[in-house]
Amino acid sequence: MEENAKYNPNEIEAKWQKFWLEKGISLIDKDDVTKEKFYILDMFPYPSGAGLHMGHTESYTASDAVYRYKKLQGFNVLHPQGFDAFGLPAENYAIKTGISPVETTKINIINYIRQMQSLGFAYDFSEQAVTCDPEYYKWTQWIFGEFFKQGLVYKKTSKTNWCPSCQTVIANEQVVDGKCERCGTEIEQKEVPSWFFKITDFAEELINGLDNVDWPEYTKKNQKNWIGKSEGVTVKFQIMPSPVRSTGHPLPSTGEDECIEVFTTRVDTIFGCTYVVLAPENELVSVLKEQCENKDEIEKYIEQAKNKTELNRMEAKEKTGVELKGVRAINPFNDENVPVYIADYVLASYGTGAVMAVPVHDERDWEFADNHNLPKKGVIIPRPIKSGLLIGDEIDNVDESYEHFDNYANKKKDNIRKGIEIFVEDGTVIDSGEFNKLNSDEAREKMAVWLEEKKLGKKIVNYRLRDWSISRQRYWGCPIPIVYSPDGEAHLVPEEHLPWKLPMDVDFVPTGISPLAKSAELKKRTEEIFGAGWTAEYDTMDTFVDSSWYFLRYPDAHNDQEFCSKERLKKWLPVDVYIGGAEHTYMHLLFARFFVKAMHRIGILDFDEPFLKLRHQGMVLDKEGKKMSKSKGNVINPDDMVAKFGADSVRTYMLFATPLEDAVMWNENNIVGVRRFLEKVWKLQYKITNYKLQITNKIQNPNDQNKKLVSLINKTIKKVGEDIENFRFNTAVSQLMILVNEMEKQTEIVAADYEKLLLLLASFAPHIAEEIFQKVLGHEESIFLQKWPEFEEALTKDETINLVLQVNGKVRDMVSVGADIAEEEAKKIALVSEKIQKHIGGKEVKKIIFVPGKLVNIVI
RNA sequence: GCCCAGAUGGCGGAAUGGUAUACGCGCCAGUCUUAGGAACUGGUGGGAGAAAUCCCGUGGAGGUUCGAGUCCUCUUCUGGGCACCA
């Protein structure tokens, strides 16, 4: 070993990457029963032409660190990677250049794998999941088939979001700000036939399952909000002819069933209802308008509403609407008749497509009432509060109870009652007959019972979640395995014909018709198998379908009999840790959970949550904290960073800069810190007492001089392990820095200690650890086949501590004492301290607090 | 508007209710060097002071506590998400 051999990352990194590959260090025996399994999963990337971005780099570094740590701990760790390879960008590129997506995808995947290996990510690439590979999508189609057989798939024509640029339908969940998530074009409304997955069937399970997984709380909350459960009641408002009806003709007879059924979560406010609103699309409107004197006006409004996209309706500043003049509705609770409106702020798709409007207790109704000069009436008032206690329940007369409170509360109550002030919270019910004095929640319960007894309504649960539309009029996706008989009936493509392959003879240019419709190969194949006149489904699947089950494939990716063997499924699933971006808080995670729950219900899986533990990585921003984007020209390429600083430095900096879930500002000036740290680790090799020293886990004759080091090593082993378990990589790295700084101060270090350092470092900076382990310490085996070092709990504790002496909570002195100092002894020491005495200043000591191992606080 | 997350030195950040600012960057001084850089050593929250030392300090205002960056209430600002869901 030359004394002045420099740390040259580019040289050693390439060398060890080759070594690991050749020795198959990252390959695992998936049927090994001798070790406990651990499945750590990354969100697989879309293989774009731009290559891996820094966001991937961060989360894959984190998962790679966990992988290496778990492996050293003796687990059999599955750490797979694949590619979400279907999708629009490849198709758009094909439209532009004429190069087939098959080709570009292949090239991009090779590039991605090269980049991942250059960063030292230890993926087992022998079993990948590549969604555009027929070997993979055969099983996407098979699962679709199972869902189909179980009635979890259906086809319907509906008003859907149409992207004029992509020439395709997209799901509600994929509309961002009313624009296409992928291309940014404004979405239009269009009637398109589409296949749906019945995800709404699983709404309740999708909410409940969240209780059993270790996910960030905000992710769970977001999933729940997305599903949007709301409990309420339906109420039937009987329709009656308007007393102001001017045509003179009698109304067509309205049977008892001729009702407007509204949905509300706030039935406690129903005595304040001053009008009823129907969505323009509500079926009743077409009947009711016939009896209205302003039929033309109504029809015009319906027409307008139809042409508006959902976005326009939502964005409209003013709440528009038209009264159905000639119709009134009777509030079953107080027999009042109120006017009926149609307005597009009411959505046909939610609830019953009709609402009762209570302006004083709902902001939207308030606004609409203002615009149309409708009356307002308040029936819920804030609960009287006295001395912090709710006393509303104890009071017989609500008015009287207010006399005890200040004018503000009194005035507020009056304003609400008169309809001058809005109040949307729960409170106490007034002016509501037999329901007076109840709290909102009690009133809701009693009113629901009242409705159900009289058969005027019932409790129902509503979800915001809608079924998942999966049809796409695109080429580069998984073909939907459906064929149509000449009479137009849909049939599942039988399993023996799977994979139902994507034809190759296709013109990509979008015309609004699915590209597959133009394939002669597909037509020929369909007719040969099924008979003349049969046609194939021309739509392909949403790529979110492909990514909803890929984690089930990894353990057995080459299996052509099953999507995964029963044994491997049982051994490996569910995923222990899943790391990926917070942008998938809604869609991908919800869809993947739906798939697993549906497969569980069918009996294909014996677990019903895919990801036991989930962690998100933050965004990688430029050094000014701005998002990286092509247009800003601030995109950083991982290749350049690896070339400049070395993979180990890039990896370690990624983890050190900030907690995993926080945004990292990529500042090249700061990487020098971890680079210096690695240089220090490198130079420590020249302090080893004897390169050939036998390695043992025992401490070599600890003497007073290295006691501190021994303790520090034990502490570091403990902390780095705990930090990795808890995804606190930043503090793990800083602890290693502290250890290295201490080792540097030693005139010599023993090889055993150095080796421990390397093992702790290996998860973050694998190349330098392997280099020193083999080349300096002379091992002939990879460091990743070793064991995580052990520590002794007793040695992690300091023998002496700095006992903090406080007066009234302020630090006044500090003395070095034994860590196990007793209370009496500590108090005695505190009281004899000159500084403490000075601050006591002869005053009476009221109390002395002692915190073992920490401090004494004297209270005067 | 609603929901979620956050606010700590010049900067990234650390801190089971118990020494606020670990670790790193930057900066200052020194050693070395023809010089620059690199490397190494020491210093580095603000204020007063020759010093000992004292006072103030975790967005703001209150509160709980012997003791609050940490817990509670209100508030301001920033970031992210959702958007008429009755």
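In what follows, the accompanying structure is described. Remember, it's a predicted structure, so these values are computed and weren't measured experimentally.

Digging into the overall build of chain A
Looking only at helices and strands, one finds 27 helices and 32 strands in chain A. Here chain A holds 860 residues, and the buried ones make up 53% of them. For chain A, the proportion of contacts with a sequence separation of at least 24, taken over those separated by at least 6, is 74%. Counting every atom, chain A has about 39300 Å² of accessible surface; 49% of that belongs to carbon and sulfur.

With respect to the environment of Trp226
Along the polypeptide, Trp226 turns up in helix α7 (residues 217-227). Overall, Trp226 belongs to the buried group, its relative accessible area being 17%. Sequence separation between Trp226 and Leu465 is 239 residues, and the spatial gap between their C-alpha atoms is 6.5 Å.

Re the sheet that holds strand β26 (residues 611-617)
What the four strands build is an open sheet, ordered β2-β1-β25-β26; its pairing is parallel. Either end of the sheet is taken by a strand with one partner, and the two such strands are β2 (76-78) and β26. Sheet twist, expressed as the average angle between the axes of neighbouring strands with direction ignored, equals 20°. The pairing of strand β25 (residues 575-581) with β26 spans six bridges and is parallel.

Some details on the packing of helix α5 (residues 134-149) against helix α18 (residues 587-602)
At a minimum axis separation of 11 Å, α5 and α18 run at an interaxial angle of 60°. By the angle between their directions, the pair α5 and α18 is classed as oblique. Crossing of α5 against α18: the hand is left-handed. Contact residues: Ile143, Glu146 and Phe147 in α5; Phe594, Phe595, Ala598, Met599 and Ile602 in α18. Its residues assigned to classes, the contact of α5 with α18 shows seven nonpolar, no polar and one charged.

Here's the deal with the packing of aromatic side chains
Throughout the structure, instances matching the rule amount to 51 aromatic pairs. Measuring from ring centre to ring centre gives 5.8 Å for Phe86 and Tyr137, while their planes differ by 40°; the resulting arrangement is tilted. Here Phe86 is found in the loop between β2 and α3 (88-97), whereas its partner Tyr137 is found in helix α5, with 51 residues between them in sequence. Grouping residues by exposure puts Phe86 and Tyr137 together as buried. Ring centres 6.1 Å apart and planes at 50° place the aromatic pair Phe144 and Phe197 in the tilted group. One end of the pair, Phe144, is in helix α5; the other, Phe197, is in strand β7 (residues 188-197), and 53 residues separate them in sequence. Here Phe144 falls in the buried class, since its relative accessible area comes to 1%. Above the ring of Trp226, the side-chain terminus of Arg464 is found at 4.7 Å from the ring centroid.

A few points about unusual backbone geometry
Leaving glycine out, the prevailing phi sign among residues is negative, and the prevailing peptide bond configuration is trans. Residue Pro499 is reached from Leu498 by a cis peptide bond, and omega for that bond is -5°. Tracing the backbone through its elements, the reader meets Pro499 in the loop between β22 (490-492) and α15 (520-530). Cis rather than trans, the peptide bond between Leu573 and Pro574 has omega equal to 0°. Within the fold, Pro574 resides in the loop between α17 (566-572) and β25. One non-glycine residue, Asn373, lies in positive phi territory at about 55°. Topologically, Asn373 is positioned in the loop between α11 (363-372) and β14 (380-381). The phi dihedral of Asp431 is positive, around 50°, even though this residue is not glycine.

Comments concerning the sheet that holds strand β30 (residues 810-818)
The sheet built from four strands is open, its strands ordered β30-β29-β32-β31 with mixed pairing. Only two strands of the sheet have a single neighbouring strand rather than two, namely β30 and β31 (847-851). The sheet shows a mean angle of 20° between the axes of neighbouring strands, direction not considered. Relative to strand β32 (residues 855-859), β31 runs antiparallel, the two sharing five bridges. Note on β32: the bridge partner recorded for Phe850 is Val856.

Here's the deal with the packing of helix α20 (residues 647-656) against helix α23 (residues 729-745)
α23 packs onto α20 with a crossing angle of 115° between their chain directions and a minimal axis gap of 7 Å. Together, Thr652, Leu655 and Phe656 of α20 and Phe729, Asn730, Val733, Ser734 and Met737 of α23 make up the contact between the two elements. Grouping the amino acids of the contact of α20 with α23 by side-chain chemistry returns five nonpolar, three polar and no charged.

Basis of the calculations
- Residues numbered from 1 in each chain as written.
- Chains lettered and ligands numbered in written order.
- Predicted model: local features only at pLDDT ≥ 70, side-chain atom pairs only at ≥ 80, totals over all residues.
- Heavy atoms only, no water.
- Helix = DSSP H or I, 4+ residues; strand = E, 2+ residues; numbered from the N terminus.
- Buried < 20%, exposed > 50% of the residue type's maximum accessible area, 1.4 Å probe, protein only.
- Contact = heavy atoms within 4.5 Å.
- Areas by Shrake-Rupley, 256 points an atom, 1.4 Å probe, with all protein chains shown as cover.
- Pairing = 2+ DSSP bridges.
- Axes fitted to C-alpha atoms, helices over the stretch in contact; angles between N-to-C directions.
- Parallel < 35°, antiparallel > 145°, perpendicular 65-115°, else oblique.
- Left-handed = near helix turned anticlockwise from the far one by under 90°.
- Nonpolar A, V, L, I, M, F, W, Y, C, P; charged D, E, K, R; others polar.
- Phe/Tyr/Trp six-rings, centres within 6.5 Å; stacked < 30°, edge-to-face > 60°.
- Lys NZ or Arg CZ within 6 Å of the ring centre and 35° of its normal.

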